[in-house]
Amino acid sequence: MSISPEDLGSLFRTLLGGRRLVVVSNREPYEHSWSDEVGEVEVERPAGGLTSALDPLMQALGGTWVAWGSGEADAEAVDADHRVRVPPEDPGYTLRRVWLTHHDVHRYYLGFSNQFLWPICHLRPDLTRVRSRYWERYRRVNRRFAEAVLQEVSGSDAVVWFQDYHLALAPLLVRARRPGLTLAHFWHIPFPPYDVFRLAPQAGFLLRGMLANDLMGFHLAGFADNFLRCAAELAGAAVDMEARTATLEGHTCHVGAFPISIDVEQFRAAATAPDAEAAMERLWARYAPGGGMLGVGVDRMDYSKGIPEKLKALELLWDRYPELRGRFTFVQVAVPSRSDIAAYDELSQKVDRQVWRINERFGTSEWRPVHLLKQSLPTERLAVLYRMANVCVVSSLQDGMNLVAKEFVASQTDARGVLVLSRFAGAAEEMEGAVLVNPFDPETCALQIRDALLLPPDERERAMRGMQTGMASIYDWMESYFAAWSAHAGEASAEEGKGDAPGA
Ligand code: ADQ
């Protein structure tokens, strides 16, 4: 039985002895914008699994969330200290906004974060752009986030939880000024092996920033081990691989594997909502009017997700197994992402060309093999699509976890579908019952998709129910994180007593 956000709130209070929680992330949970009609300020909740899952926890706890104020009317909504209480209808916690200029966004976010750290962590050093101005701005913006955190914590009464690769340096900047704070960080993307990470000109600085945390979390044990090896070789930390600790300048960072999940109940409820059946009928009529079987893919348009590789496998599927033409239709939802970066723009065009070619080659006046939807869909629509699909194909070339795999399983309330999952997605380590594929091998992939479509119903149901039973929720993930965190919180205070925190 999974823990609820409310119980999680009480657990947090018990484990962390009344300290305040400060979450720090690049993206904010609420964005203010101008309404078109009357020029009033409106509030939107940017889509995103983590922000929507942390929001109820923050409401239960009432802490502070520090994030980039990215909404066009964000500045209008805050007080003189850049703070606004959220959610607007029933304020439960404080959102502290950090302001980024156009150059900051270009160099820190699109530059260093997404054209250096993202590709290097996804084993694509060939796609990195090394620019001193990107690094310079990344440092500057991390300092700004750290300053905001320091203003929000008083004394050492808070635990600070950094999210992701945009903020690798901020923990050290905070630790240097307030050694007694408990600092934790979760890295949502893979951490690459030593041979790849050492290509980063600033590897040592990045590692020192991350090692200032008391707890550094990754999705998989393999990523944690990669990080520890890099900490030893590139930052000179004393590493204990068995205990998973790295000590640098007297401060010990605990490193752990915490596989993230989704709000399972939210997807299950959306898939079985009263209007779900009618929605499924409408979607069948739109995408597969002749009936047959439906496949689905849901990805950000990102080169790490292997969308061209998936389309190649599908092309081979219809080529080699003509009996599936007209009988198996694929819906690929690909939400545009980071389109200001050339590699993403090129990818999007490549995907367009592939879809066009497949549809030209196999399509008929009655049947279109691939429907490409380049848009964001609300959870309700996604859940219905997942529920009705006979197969969901996740073809990541590298992926920290992949939440789509879990969303599909949670939404498969009739247990009729099969999950075809890349071996190189973190989720593959947990999802026993998925058909594991290698997206670099399109011929075998095509064969495996065909076999998945032909699996007898009882085998499909057994595999799907097995995965559903074993699947934790995002609240379980937070619980395990907090438990590890509280175990190390005491050590941080003891260190502070000794006055041996690392320097900035
Ligand atoms: P992402 O790289 O964004 O996350 P993923 O885990 O697949 O990858 O999550 C994508 C999310 O976006 C899912 O919740 C999905 O439903 C949603 N999404 C995708 N396309 C959509 C669309 N068209 N409309 C609406 N929603 C859409 C990073 C890491 C992952 C890790 C997560 C969480 O790269 O490996 O699993 O963080 O830690």
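Given the structure is predicted, the values throughout are model-derived calculations rather than measurements. (Residues numbered from 1 in each chain as written. Predicted model: local features only at pLDDT ≥ 70, side-chain atom pairs only at ≥ 80, totals over all residues. Heavy atoms only, no water.)

(A) Layout of the environment of alanine 279. Looking at where alanine 279 falls in the secondary structure, it is placed in helix H11 (residues 276-287). Exposure remark for alanine 279: the relative accessible area of 14% places this residue in the buried category. (Helix = DSSP H or I, 4+ residues; strand = E, 2+ residues; numbered from the N terminus. Buried < 20%, exposed > 50% of the residue type's maximum accessible area, 1.4 Å probe, protein only.)

(B) How the structure looks around the site of the ligand. In the region of the ligand, 22 residues are neighbours, and His188, Gln375, Leu377, Asp399 and Glu407 sit closest. Within the side chain of aspartate 399, one N or O atom sits 2.6 Å away from an oxygen atom of the ligand. Within the backbone of glycine 400, an N or O atom sits 3.0 Å from an oxygen atom of the ligand. About the coverage of the ligand: the protein hides 86% of its 710 Å² of free accessible area. Going through the elements one at a time, strand S13 (293-300), strand S14 (328-335), helix H14 (379-388) and helix H15 (403-411) are the ones with two or more residues in the shell around the ligand. (Near = heavy atom within 4 Å. Polar contact = N/O pair within 3.5 Å; in protein donor to acceptor, adjacent residues only side chain to side chain. Areas by Shrake-Rupley, 256 points an atom, 1.4 Å probe, with all protein chains shown as cover.)

(C) Representation of the packing of helix H8 (residues 203-211) against helix H9 (residues 221-235) within the structure. Orientation of H8 relative to H9, taken along the N-to-C sense of each, is 120°, at an axis distance of 9 Å. Between H8 and H9, the angle is such that the two are oblique. Crossing of H8 over H9 shows left-handed handedness. Across the interface between the two elements, Ala203, Gly204, Leu207, Met210 and Leu211 from H8 touch Phe227, Cys230, Ala231, Leu234 and Ala235 from H9. Split by residue class, the contact of H8 with H9 holds nine nonpolar, one polar and no charged. (Axes fitted to C-alpha atoms, helices over the stretch in contact; angles between N-to-C directions. Parallel < 35°, antiparallel > 145°, perpendicular 65-115°, else oblique. Left-handed = near helix turned anticlockwise from the far one by under 90°. Contact = heavy atoms within 4.5 Å. Nonpolar A, V, L, I, M, F, W, Y, C, P; charged D, E, K, R; others polar.)

(D) A look at the environment of aspartate 302. If you trace the backbone, aspartate 302 turns up in the loop between S13 and helix H12 (307-320). Judged by relative accessible area, aspartate 302 falls into the buried class, the value being 0%. Measuring from C-alpha to C-alpha, the distance between aspartate 302 and glutamate 265 comes to 27 Å, with 37 residues separating the pair along the chain. If we ignore the near neighbours within four places in the chain, the residues touching aspartate 302 are Trp118, Ile307, Arg338, Tyr344 and Leu347. Separated by 3.3 Å, the side chains of aspartate 302 and tryptophan 118 make a polar contact.

(E) Looking closely at a negative patch on the surface. Together, Asp36, Glu40, Glu42, Glu44 and Glu72 make up a negatively charged patch on the protein surface. Of note, glutamate 40 is situated in the loop between strand S2 (31-34) and strand S3 (41-44). (Patch = residues over 30% accessible without salt bridge, like charges linked within 9 Å, V, L, I, M, F, W, Y side chains within 5 Å. Salt bridge = Lys/Arg side-chain N within 4 Å of Asp/Glu carboxyl O. Lys, Arg positive; Asp, Glu negative; His and termini not counted. Charge placed at Lys NZ, Arg CZ, Asp CG, Glu CD.)

(F) Broad picture of helix H16 (residues 442-454). With 13 residues, H16 extends 18 Å from end C-alpha to end C-alpha; this agrees with the ideal 18 Å at 1.5 Å per step. Of the residues making up H16, those classed as buried are Cys445, Ala446, Ile449, Ala452 and Leu453. Along the axis of H16, the buried residues cluster in a sector spanning 125°; they form a single face. (Expected span 1.5 Å × (residues − 1). Arc of directions from axis to C-beta.)

(G) Local environment of the sheet that holds strand S1 (residues 20-25). Spatially, the 10 strands line up as an open sheet ordered S5-S6-S4-S1-S7-S8-S9-S12-S11-S10, and their pairing is mixed. Looking along the sheet, the strands with just one partner apiece sit at the ends: strand S5 (83-86) and strand S10 (238-240). The sheet shows a mean angle of 20° between the axes of neighbouring strands, direction not considered. Sheet topology places strand S8 (residues 182-186) next to strand S9 (residues 215-218); three bridges connect them, and they run parallel. Paired with alanine 184 across the two strands is leucine 215, which belongs to S9. With respect to the sheet, helix H6 (residues 170-177) is in contact with strand S7 (158-163), S8 and strand S12 (251-257), its orientation differing from that of S8 by roughly 180°. (Pairing = 2+ DSSP bridges.)

(H) Looking closely at the nonpolar core. Within the largest apolar cluster, 78 residues are counted, with the highest numbers of intra-cluster contacts made by Leu21, Trp161, Leu419, Leu421, Met478 and Trp485. Each of domain 1 (5-261 + 476-493) and domain 2 (264-471) gives at least three residues to this core. Setting aside residues no more than four positions away along its own chain, methionine 478 makes contact with Leu8, Ala53, Leu54, Leu57 and Trp161. Within the second largest apolar cluster, 68 residues are counted, among which are Val98, Phe116, Ala146 and Leu228. (Core = buried A, V, L, I, M, F, W, Y, C linked by side-chain atoms within 4.5 Å. Domains from an automatic or database assignment.)

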